[in-house]
Amino acid sequence: MSGPQPRADVLKIAAYVGGESKLPGVNRVIKLSSNEGAFGPPPSAQAAFARVAADLHRYPDGGSVELRRAIGEKFGLDPARIVCGTGSDELIQHLCLIYGGPGTEIIASRHGFLMYEIAGTYAGSRVVKAPERNLTADVDAMLALVSPATRVLFLANPNNPTGSLLPQPEVERLRQGLPPEVLLVLDAAYAEFVERPDYDAGVKLVDAADNTVMLRTFSKVFGLGGMRVGWAYGPPGVVDALNRVRGVFNVNLAAQAAAVAALSEPGWVERNRAHTVAARGRLAERLTALGIKVWPSEGNFSLVDFGTASRADAANAWLKKRGIIVRAMASYQLPHCLRITIGTDDEVLLVCDALAEFVAAEGRAA
Ligand SMILES: Cc1ncc(COP(=O)(O)O)c(C=O)c1O
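Conventions used here
- Residues numbered from 1 in each chain as written.
- Predicted model: local features only at pLDDT ≥ 70, side-chain atom pairs only at ≥ 80, totals over all residues.
- Heavy atoms only, no water.
- Phe/Tyr/Trp six-rings, centres within 6.5 Å; stacked < 30°, edge-to-face > 60°.
- Helix = DSSP H or I, 4+ residues; strand = E, 2+ residues; numbered from the N terminus.
- Buried < 20%, exposed > 50% of the residue type's maximum accessible area, 1.4 Å probe, protein only.
- Lys NZ or Arg CZ within 6 Å of the ring centre and 35° of its normal.
- Salt bridge = Lys/Arg side-chain N within 4 Å of Asp/Glu carboxyl O.

1. Some points on the packing of aromatic side chains
- Inspection of the entire model under this criterion finds nine aromatic pairs.
- Note on F306 and F358: the rings are 6.4 Å apart at their centroids and 80° apart in plane angle, and the pair reads as edge-to-face. One end of the pair, F306, is in the loop between strand 12 (301–305) and helix 12 (309–321); the other, F358, is in helix 13 (residues 345–365), with 52 residues separating them in the sequence. For the pair F306 and F358, one class covers both residues: buried.
- For F358, a relative accessible area of 4% translates into the label buried.
- Through a chain of ring-to-ring contacts, the aromatic side chains of Y16, F113, Y116 and F154 assemble into a single cluster.
- Positioned over the ring face of W295 is K293, at 4.1 Å from the centre of the ring.
- Positioned over the ring face of W318 is R322, at 3.7 Å from the centre of the ring.

2. A short note on the pattern of salt bridges
- In total, this model carries 19 salt bridges according to the counting rule given.
- With its nearest N and O atoms 2.9 Å apart, the salt bridge here joins D353 to R286. Placement of the pair is D353 in helix 13 and R286 in helix 11 (residues 268–289), with a sequence separation of 67 residues.
- With relative accessibility at 30%, the residue R286 sits in the partly exposed group.
- When salt bridges with common partners are traced through the structure, they connect R7, D9 and K12 into a single cluster.

Take a look at the structure:
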């Protein structure tokens, strides 16, 4: 190869492949591949987006002041300890670059969100992955990987793509077992869907010391994935470091306006949560009755286990033929599974019906 050469670490990265959104020859696609909200963007966010159209020549507020104020008000947090990002992906990347780097290690769990590995490797860190128990993060296995080189540990809770949740006492045990200088990143992208009474998205641990940060996003329950807005709530030292390195105008004008409006859409989160929990339950019930294993999930998606990679591939192809796009899981070392986002009631019904036909066709072929 001639021309400028990237750092060797960059070439170790397998580029993230997002959920597909188009199928050749299919007009009406049902996209259940990226855990986007079932109901689209909140009406108030759409109106706010339209309102700023005439101001698009203006740079956005580089400090996302109004957005941080609105987040602070909604979640009862100090806006000074909030940093907004171009999706939480941007913040994951900066945390790796700030605290990681050559000679350091970053810990994630085996089937954790892929961006941790991509961002950590980009930073030059060695990303080490702990085995899981029942597709759930295992505190002892993660703590066993801690070395003097460890700088950051990422835990998505609930986790994508498994849907599993680590109970609060276990999250606290993890923090207690980590050396104080290791940053614990609690990625709560799916926090709004969790119904368990003892769940804490991360605020408790962030407030308890200076070494834990919580990440949140507008891409899931708030239906604004296309706007790219995420945020971190952290101790002053982490907030200060993020503010030094983040893009100066990282959250664009329309995104800030839409996100502020989304936060005050009446009943939006509650309606989405109630729908997700009910529809996820129906999906699990129907597929289980077909003899297909569905892993328990606390997010707006379910990991569906077909037993073998070839059966999962066949099911995926069957769904695609019917215009339904779900997410293949080979990149997560789960090639025998498909991840299905919880869409509208109709979409859930269609995916269940299609899989029922798939199982029936398998039966006929046998
Ligand atoms: C666990 C987890 N963290 C972070 C993200 C990224 O979210 P954002 O759209 O805010 O970058 C996702 C998106 O799928 C996710 O599943």
